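Chain residues, written in single-letter form:
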Amino acid sequence: MIKRVWHLPWIGWLVSQPAIAAWEVNITQGATAIAREVYDLHMIIFWICVAIGVVVFGVMFWSIIHHRKSRGAQARNFHENTAVEILWTLIPFVILIAMAIPATATLIKMYDSTESDIDIQVTGYQWKWRYQYLGQDIDFFSSMSTPREQINNEAPKGEHYLLEVDNPVVLPVGKKVRFLFTANDVIHSWWVPDLSVKKDAIPGFINESWAIPEEVGTYRGQCTELCGRDHGFMPIVVEVKTQAEFDQWLADTRSAAEAQAASATEEWTLEQLMERGEEVYNTGCAACHQANGLGIPGAFPALAGSPMVTTDMDAHIDIVLNGKAGTAMQAFAAQLSAVDLAAVITYERNAWGNDTGDSVSPQRITELQQ
Amino acid sequence: MDTTLSPNMDDTDHGHGPAKGMGRWLFTTNHKDIGTLYLWFSLLMFLTGGCMALMIRAELFQPGLQLVQPDFFNQMTTMHGLIMVFGAVMPAFVGLANWMIPIMVGAPDMALPRMNNWSFWILPFAFSLMLSTLFMEGGGPNFGWTFYAPLSTTYAPPSVTFFIFAVHMMGFSSIMGAINIIATILNLRAPGMTMMKLPLFVWTWLITAFLLIAVMPVLAGVVTMMLMDIHFGTSFFNAAGGGDPVLFQHVFWFFGHPEVYIMILPAFGIVSEIIPTFARKKLFGYASMVYATSSIALLSFLVWAHHMFTVGMPLAGELFFMYATMLIAVPTGVKVFNWVATMFHGSMTFETPMLFALAFVVLFTIGGFSGLMLAIAPADFQYHDTYFVVAHFHYVLVPGAIFSIMAGVYYWLPKWTGHMLNERLGKAHFWLSFIGVNITFFPMHFVGLAGMPRRIPDYALQFADFNAVASVGAFIFGFSQLLLVYNIISCIRGGERATDQVWEGSHGLEWTLPSPAPYHTFSKPPVVK
């Protein structure tokens, strides 16, 4: 549907027109009853505005066309009329009341987050989301999976460019899902248009919202509160599944987590850790410290050749696990598994010519985490 | 209005003209010189902020990152917003106020001329400081013009301290300017110029000046709290220390919402001067215009949290701010109806200032409609922080505030320079701007509704086409401003002599003066009957 390579952008734009199916111009009707109600409300207000516009601009353009000097129009002398002025204060007032009634009704419904079937805590991080299914023993991070090569125009862009993640949040169809929002660093905002849920995720606070998705499918959204450099690269993918598929997903996710934990007790070679570490680094660290480890001067320190990663190993492990207060360096202890932490630290100590030969075992990380 | 102008070029004048050389501009206390300085400064900032906007639109022409990196993109959006608000729109209005208010009320000068010089000269320093942050290590402010904490405190680049000092300086300047305007209007009116005979531009500026005095200290307060959090270990906005990130937003928008009215009320005044002139008819509903402006100003203090519908307020708060916000549509509607009624059965001509004023009425009303839609809280959850909001406030601020400033400049330029402007160029500038503005901002409604968040340097493929259109429009609008610059300069250097009245239907004290307006006016106050 939308697959274009632009050689001459403007001409490309013109000739590609017939091939484009969607010039989307309106909000979605959504996948929940609330979203449909919001859509209807939006359309009501829109048509009221159009009607007022037609009347006001109609009179205005009538005057512009007919009451112009070049047509010999003589200016009349009236310049106030109390009755008219009161009337056009009262009529808009009545129209506003007519709009406020359905808006209030919808708002009251949106605020009723009681009696949920599932509670999911959503935590915003720079620049990924963490989903914890409360009481379900499910806890994972979700990051954008669009490769940097596509963003930097070094590879053709995929169909869901910028709107795809490694671990989507999964919901069962027809159940009331309550979301609890908070954030780890700055304010983010979780928005999925089809669910008509947009709520700020604020550090130190818990906000709530809810949805009952009515159709199986994949729904996409993005962070909508400016949260720093990669604000534009923080998508949300919601997969709504049938109850049976959802239960299967829960079981699969739990056993994957157990396998992950078990692998921490295995022996890992330097090569294995380096390979895994590069992957982890590119998803979790490269956004700030860059893929080449050089960082961004003045904002994010370089890792290549840094004393932190070439000499003092304890300090290095500590900063990766616990972050650094007052800076953008997050605590990764809760975000990554022991294996991933060991791998990424090992990778940083050996990549980009650091070549310390140091290797950190997952067991050591596990001990430190306990 | 019946006015009798006492001769002002008599021997009381002692031939005091402007000083020679640079000293004239550095040390001047003359309201006309200071008005001119403000206007040139604002034009320079408008072009600077505009170049940043073009950088943003160039990056957004296609999906993918082509020209700039995300961090620099964020610096551009932040600086574009700050410069346009504090550097372009506000100083332009202050410049028009300096030039026109003393003349319109029959005063010899501003009430506090030395402070007037001071309040202007702070600005170039403030903006030099702010622009210099772009070249500092870690880059300039990159957290949006609303600079929400903790992104702008804990996670900000080191240059944020300089940004805070620059904001403080702008605040000093604005407050001093506002005090001066209030003092001039309340104390220096000519005999017979009662409050209900004030020209509407003067009325709207009086109300704006009170808004400025009320809210600039709030802005100063919030940036001082940021400074404390960053350097002195306080936790106003740091949840980990017991602070509240949402407090920042409440305080910011308690300043920020009246601020957006500061940027539109003088525009209402300018348009209310221009439309009657070119419709050759008195303004319809003068009294209700004054009351409507005052009501808008009062309501502006009660609606700040409609910028924060998604922060998780209680239902009662959400409802209150929704109703109060919707209510603003009533006085705003009265103003639009009055302008239309002024045109109705007039005898209209369409010189450049009138074209800009008419475009103002139409496009500002469209911005008002999207504003009303945004006021409806449940629907706002879908609009908030998307390009629909970007479209809304650009319709209010570009064809609103900026078109009105251009209308005012074209309207009063012959009075300032003594030369008529080049109508053909003026009309070309108008049409290119009008078309450019709509091509730029109208598609933003669509991408916003379709789901594109604001302040992102790259976007999903379904938003590509409208973004390409918007970028083309931005370049049309941007480059057509060179016509404005050329027209102003050529009008200063020469052109057809302007008469005293300049426009056939013009009314008010400023048109009783010679063109160009003499350096010192009204050494004896005119009598207004």
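Residues numbered from 1 in each chain as written. Chains lettered and ligands numbered in written order. Predicted model: local features only at pLDDT ≥ 70, side-chain atom pairs only at ≥ 80, totals over all residues. Heavy atoms only, no water.

### Remarks on the overall build of chain A
Thinking step 1. Looking only at helices and strands, chain A features 11 helices and 10 strands.
Thinking step 2. Against the compact-globule benchmark of 21 Å for 370 residues, chain A has a radius of gyration of 28 Å, which places it well outside the compact range.
Thinking step 3. Seen through its C-alpha atoms, chain A measures out along the principal axes to roughly 95 × 50 × 45 Å.
Thinking step 4. Going through the 370 residues of chain A one by one, you find that 48% of them count as buried.
Thinking step 5. Taking the intrachain contacts of chain A between residues at least 6 apart in sequence as the baseline, contacts between residues at least 24 apart amount to 62%. (Helix = DSSP H or I, 4+ residues; strand = E, 2+ residues; numbered from the N terminus. Rg over C-alpha atoms; globule rule 2.2 N^0.38 Å. Buried < 20%, exposed > 50% of the residue type's maximum accessible area, 1.4 Å probe, protein only. Contact = heavy atoms within 4.5 Å.)

### Brief notes about the overall build of chain B
Thinking step 1. A tally of regular secondary structure across chain B gives 16 helices and 2 strands.
Thinking step 2. The C-alpha atoms of chain B give a radius of gyration of 23 Å, which matches the 24 Å a tight globule of 529 residues would have.
Thinking step 3. In terms of principal-axis extent, the alpha carbons of chain B reach across some 70 × 50 × 45 Å.
Thinking step 4. Per-residue burial for chain B yields a buried fraction of 70% across its 529 residues.
Thinking step 5. Intrachain contacts of chain B at a sequence separation of at least 6 include 83% that bridge at least 24 residues.
Thinking step 6. If you sum the accessible surface of chain B, you get close to 16,100 Å²; carbon and sulfur atoms cover 71% of it.
Thinking step 7. Each charge sign in chain B was given a centre, from 20 positive and 24 negative side chains, and these centres are 12 Å apart. (Areas by Shrake-Rupley, 256 points an atom, 1.4 Å probe, with all protein chains shown as cover. Lys, Arg positive; Asp, Glu negative; His and termini not counted. Charge placed at Lys NZ, Arg CZ, Asp CG, Glu CD.)

### Examining the sheet that holds strand β4 (residues 169-172) of chain A
Residue and element names in this part refer to chain A.
Thinking step 1. Taken in spatial order, the 5 strands line up as β4-β10-β9-β6-β7 in an open sheet, and their pairing is mixed. Looking at the sheet topology across the chains shown, the edges are occupied by β4 and β7 (197-201). Looking at each pair of strands side by side, their axes are set apart by 25° on average, direction ignored.
Thinking step 2. Judged from the 6 bridges that link them, strand β9 (residues 217-223) and strand β10 (residues 235-241) form a sheet pairing that is antiparallel. In the strand pairing of β10, Gly217 is matched with Val240.
Thinking step 3. Packing against the sheet, helix α5 (residues 243-263) makes contact with β4 and β10, and its axis sits at approximately 140° to β4. (Pairing = 2+ DSSP bridges. Axes fitted to C-alpha atoms, helices over the stretch in contact; angles between N-to-C directions.)

### Quick word on the UniProt feature "domain: Cytochrome oxidase subunit II copper A binding" (unreviewed entry) in chain A
Thinking step 1. The positions that UniProt labels "domain: Cytochrome oxidase subunit II copper A binding" (unreviewed entry) are, in the present scheme, residues 115-252 of chain A.
Thinking step 2. Split by type, residues 115-252 of chain A is 10% helix and 43% strand. Its first and last C-alpha atoms lie 27 Å apart. (UniProt positions renumbered as here; feature names shortened; annotations may be inferred.)

### As for the interface of chain B and chain A
Thinking step 1. In this assembly, 102 residues from chain B lie in contact with 100 residues from chain A.
Thinking step 2. Across the interface of chain B and chain A, roughly 8,800 Å² is buried in total on both sides, 71% from carbon and sulfur atoms.
Thinking step 3. Linking chain B with chain A are 1 salt bridge.
Thinking step 4. Among the ionic pairs, Lys69 of chain A bridges to Glu504 of chain B, the shortest N-O distance being 2.9 Å.
Thinking step 5. If you look at where chain B meets chain A, you find 24 residue pairs in polar contact (both at pLDDT 80 or more). (Buried area = accessible area lost by both parts, 1.4 Å probe. Salt bridge = Lys/Arg side-chain N within 4 Å of Asp/Glu carboxyl O. Polar contact = N/O pair within 3.5 Å; in protein donor to acceptor, adjacent residues only side chain to side chain.)

### Describing the UniProt feature "domain: Cytochrome oxidase subunit I profile" (unreviewed entry) in chain B
Thinking step 1. The UniProt record annotates "domain: Cytochrome oxidase subunit I profile" (unreviewed entry) at residues 25-529 of chain B.
Thinking step 2. From the first C-alpha to the last, residues 25-529 of chain B spans 36 Å; its make-up is 68% helix and 0% strand.

### Describing the nonpolar core
Thinking step 1. The biggest cluster of nonpolar side chains holds 265 residues, and the ones touching the most others in it are Tyr133 and Trp190 of chain A together with Phe86 of chain B.
Thinking step 2. In terms of residue count, helix α3 (residues 70-105) of chain B provides more of this core than any other element does, 22 residues in total.
Thinking step 3. Those residues in contact with Tyr133 of chain A that lie beyond four places of it in its chain are Ile118, Asp119, Ile120, Ile138, Phe140, Val169, Val170, Phe246 and Trp249 of chain A.
Thinking step 4. Counting 26 residues, the second-largest nonpolar core is a separate cluster that includes Val280, Phe332, Ala338 and Val360 of chain A. (Core = buried A, V, L, I, M, F, W, Y, C linked by side-chain atoms within 4.5 Å.)

### Some words on unusual backbone geometry
All names here are of chain A.
Thinking step 1. At the junction of Gln126 and Trp127, the peptide bond is cis and its omega measures out at 0° in the coordinates.
Thinking step 2. When you line up the elements, Trp127 lands in the loop between β1 (118-125) and β2 (128-133).
Thinking step 3. For Asp137, which is not glycine, the phi dihedral falls at a positive 65°.
Thinking step 4. Position of Asp137 relative to the elements: it lies in the loop between β2 and β3 (138-142).
Thinking step 5. Residue Leu162 is not a glycine yet carries a positive backbone phi of 70°.
Thinking step 6. Here Leu162 falls in the buried class, since its relative accessible area comes to 0%.

### Here we look at the packing of helix α12 (residues 352-375) of chain B against helix α15 (residues 423-450) of chain B
Residue and element names in this part refer to chain B.
Thinking step 1. Between α12 and α15, whose axes approach to 10 Å, the crossing angle comes to 10°. Between α12 and α15, the crossing angle belongs to the class labelled roughly parallel. Seen from α12, the contacting residues are Thr352, Pro353, Leu355, Phe356, Ala359, Leu363 and Ser370; seen from α15, they are Glu423, Gly426, Lys427, His429, Phe430, Trp431, Phe434, Val437, Asn438 and His445.
Thinking step 2. Counted by class, the contact of α12 with α15 contains 9 nonpolar, 6 polar and 2 charged residues. (Parallel < 35°, antiparallel > 145°, perpendicular 65-115°, else oblique. Nonpolar A, V, L, I, M, F, W, Y, C, P; charged D, E, K, R; others polar.)

### Some details on the pairing of β10 of chain A
All names here are of chain A.
Thinking step 1. With 5 of 7 residues buried, β10 is to be regarded as a mostly interior element.
Thinking step 2. Sheet analysis places β4 next to β10, joined by 4 bridges and oriented parallel. Considered in β10, the bridge of Leu171 is made with Val240.

### Side note on the side chain of Asn117 of chain B
Thinking step 1. Residue position: Asn117 of chain B is located in helix α4 (residues 113-132).
Thinking step 2. Apart from residues no more than four positions distant in its own chain, Asn117 of chain B is found in contact with Leu26, Phe27, Thr28 and Ile34 of chain B.

### A word on the packing of aromatic side chains
All names here are of chain A.
Thinking step 1. What the rule picks out here adds up to 61 aromatic pairs over all chains.
Thinking step 2. Residues Tyr133 and Trp249 carry aromatic rings whose centres are separated by 5.3 Å and whose planes lie at 50° to one another, so their mutual orientation is tilted. Taken as a pair, Tyr133 in strand β2 and Trp249 in helix α5 lie far apart in primary sequence, 116 residues in all. Each member of the pair, Tyr133 as well as Trp249, is classed as buried.
Thinking step 3. Between Phe246 and Trp249, the ring centres sit 5.9 Å apart and the planes meet at 25°, which makes this aromatic pair stacked. Of this pair, Phe246 and Trp249 are both found in helix α5, 3 residues apart, which corresponds to roughly one turn of the helix.
Thinking step 4. Judged by relative accessible area, which is 16%, Trp249 ranks as buried.
Thinking step 5. The ring of Trp210 has Lys176 sitting right over it, with the charged end atom 4.2 Å from the ring centre. (Phe/Tyr/Trp six-rings, centres within 6.5 Å; stacked < 30°, edge-to-face > 60°. Lys NZ or Arg CZ within 6 Å of the ring centre and 35° of its normal.)

### Thoughts on the pattern of salt bridges
Thinking step 1. Scanning all chains against the criterion turns up 16 salt bridges over all chains.
Thinking step 2. Its salt-bridge partner being Glu214 of chain A, residue Arg36 of chain A comes within 3.0 Å of it at the nearest N-O pair. Residue Arg36 of chain A is located in helix α2 (residues 33-66), and its partner Glu214 of chain A is located in the loop between β8 (207-211) and β9; the two are separated by 178 residues in the primary sequence.
Thinking step 3. The exposure class assigned to Glu214 of chain A is partly exposed, which follows from its relative accessible area of 39%.
Thinking step 4. Here Arg280 of chain B ties to Glu504 of chain B by a salt bridge, and the two come within 2.4 Å at their closest N and O atoms.

### A look at the pairing of β7 of chain A
Residues and elements named next belong to chain A.
Thinking step 1. In terms of burial, β7 is largely enclosed, as 5 of its 5 residues are buried.
Thinking step 2. Burial of the side chains of β7 extends over both faces: Val197, Lys199 and Ala201 are buried on one face and Lys198 and Asp200 on the other.
Thinking step 3. Count of turn residues in the strand β6 (residues 188-192)/β7 antiparallel hairpin: 4 residues, of which Ser196 carries a positive phi of about 50°.

### So, helix α14 (residues 387-417) of chain B
All names here are of chain B.
Thinking step 1. If you look at α14, its biggest bend is around 35°, right at Tyr411, and the proline Pro414 turns up within four residues after that.
Thinking step 2. The buried fraction of α14 amounts to 30 of the 31 residues, a majority that puts the element mostly inside the structure.
Thinking step 3. For α14, the capping residue at the N-terminal end is Thr386, with a side-chain oxygen 3.1 Å from the backbone nitrogen of Phe388. (Bend = angle between axes of the 7 residues up to and from the residue.)

### Quick look at helix α5 (residues 160-187) of chain B
Thinking step 1. Under the 1.5 Å per step criterion, the end-to-end length of α5 of chain B is 40 Å for 28 residues, consistent within 8% with the ideal 40 Å.
Thinking step 2. Summarising burial for α5 of chain B: 20 of the 28 residues are buried, a large majority. (Expected span 1.5 Å × (residues − 1).)

### A closer look at the confidence of the model for chain A
Thinking step 1. Residues with a pLDDT of 70 or more make up 94% of chain A, whose mean pLDDT is 88.
Thinking step 2. In the model, residues 1-21 of chain A has pLDDT below 50 throughout and makes 23 contacts with residues more than four positions away in sequence or in other chains. (pLDDT = per-residue confidence, 0-100.)

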